[in-house]
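Listed below, chain by chain, are the residues.
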Amino acid sequence: MDAPASLRGQFLLAMPGIGDPRFEKAVIAMCAHDADGALGVGVDRILPGLTLHGLLEQLEIDPGVAPDCGVLIGGPVEQQRGFVLHSTDWTGEDSLIVEDRWCLTSTLDVLRAIAAGTGPARWLVALGYSGWGGGQLDDEMRRHGWLATRGGSELMFDHEPARRWEAAMHSAGIDPRLLSATSGQA
């Protein structure tokens, strides 16, 4: 059997009724996907009780000119680890450029640059990520529950987090009102 195509640079959408409440109608920006595994960052849910300014203060970084905004739940893995998904107009030493669509940076230099007003023009901050071991996501993609779509980076930056799943479904040509949370058997 041929290896599935890489999902790097795509959005992974959890379908209704996926069976895991952590991923119900989730939108995950896929940053890495190869034979060794996959890594993505959720972009659809705000972490209650924490804002960017609060996070920066915890890290002893002056918020400077950074606007205060919500911090996203990036996924269930390493929820204390921070990630910034951002436009490609800024890169740091350890930034991962994802298919020339967006960057992923997990070092403090991006937060310092955002606070100083010298960072990327567009960005999202998340704690945690979604990860899969080698072949695990490929197996999950063969079963029901996940849909991959190319959707543009504007999906992350031009829509409120709670609206991203619906916007992604529409960009894939799917009317989410017509979906059922249960599947049948023929």
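Coordinates for the structure precede this section.
What counts as what
- Residues numbered from 1 in each chain as written.
- Predicted model: local features only at pLDDT ≥ 70, side-chain atom pairs only at ≥ 80, totals over all residues.
- Heavy atoms only, no water.
- 1 Å grid on protein atoms, 1.4 Å probe; cavity = no way out; pocket = protein on both sides within 12 Å on 5 of 7 lines; lining within 4 Å.
- Points joined across faces, edges and corners; volume = space filled by probe spheres on them.
- Helix = DSSP H or I, 4+ residues; strand = E, 2+ residues; numbered from the N terminus.
- Nonpolar A, V, L, I, M, F, W, Y, C, P; charged D, E, K, R; others polar.
- Disulfide = S-S within 2.5 Å.
- Buried < 20%, exposed > 50% of the residue type's maximum accessible area, 1.4 Å probe, protein only.
- Contact = heavy atoms within 4.5 Å.
- Phe/Tyr/Trp six-rings, centres within 6.5 Å; stacked < 30°, edge-to-face > 60°.

Chemist: Residue-level account of the layout of surface pockets, with values.
Modeler: Taken as a whole, the largest pocket encloses approximately 280 Å³ of empty space. Lining the largest pocket are 17 residues; nearest its centre among them are Cys69, Gly70, Trp123, Leu124 and Arg164. Only β5 (70-73), β9 (123-133) and α4 (154-157) provide two or more residues apiece to the lining of the largest pocket. Among the elements that make up the lining of the largest pocket, the one with the highest residue count is β9 (3 residues). Broken down by class, the residue content of the lining of the largest pocket amounts to 10 nonpolar, 2 polar and 5 charged.

Chemist: How would you sum up unusual backbone geometry? Please name residues and give values.
Modeler: In this model, Lys25 sits at a positive phi of 55 degrees, which is unusual for a non-glycine residue. Topologically, Lys25 is positioned in the loop between β1 (11-14) and β2 (27-34). A positive phi is found at Glu60, a non-glycine position, where the angle reads about 60 degrees. Mapping Glu60 onto the fold places it in the loop between α1 (52-58) and β5.

Chemist: I'd like a description of the state of the cysteines, backed by residues and values.
Modeler: Enumeration over the complete set of coordinates arrives at 0 disulfides. Distance from the sulfur of Cys103, which forms no disulfide, to the nearest cysteine sulfur (Cys31) is 9.7 Å.

Chemist: Go over the environment of Gly49 with me, naming the residues and quoting the values.
Modeler: Within the secondary structure layout, Gly49 lies in strand β4 (residues 46-51). Judged by its relative accessible area of 86%, Gly49 falls in the exposed class. Separated by 21 residues in the primary sequence, Gly49 and Gly70 place their C-alpha atoms 8.6 Å from one another.

Chemist: Which residues make up the side chain of Thr105, and what values go with them?
Modeler: Along the chain, Thr105 turns up in strand β8 (residues 102-105). Look at Thr105 and you get buried, because its relative accessible area is 0%. Among all residues touching Thr105, those that are not within four sequence positions of it are Phe83, Val84, His86, Trp90, Ser95 and Val110.

Chemist: Outline helix α5 (residues 164-171), listing residues and values.
Modeler: Among all positions in α5, only Arg164, Trp165, Ala167, Ala168 and Met169 are buried. Close packing links the buried residues of α5 with β1, β2, β5, β9, β10 (146-149) and α4. A positive phi of about 80 degrees marks Gly173, the residue just after α5.

Chemist: Requested: an account of the packing of aromatic side chains, with residues and values cited.
Modeler: For the coordinates displayed, the defined rule picks out 4 aromatic pairs. When the ring of Phe11 is compared with that of Trp102, the centres are 5.2 Å apart and the planes differ by 40 degrees; the resulting orientation is tilted. Linking Phe11 in strand β1 with Trp102 in strand β8, this pair joins segments that are 91 residues apart in sequence. Across the pair, Trp102 and Phe11 agree in class, each one buried.

Chemist: How would you summarise the side chain of Thr149 if you had to cite specific residues and measurements?
Modeler: Here Thr149 shows up in strand β10. If we skip the residues at most four places from it in the chain, Thr149 touches Gln10, Phe11, Leu13, Ala168, Ser171 and Ala172.

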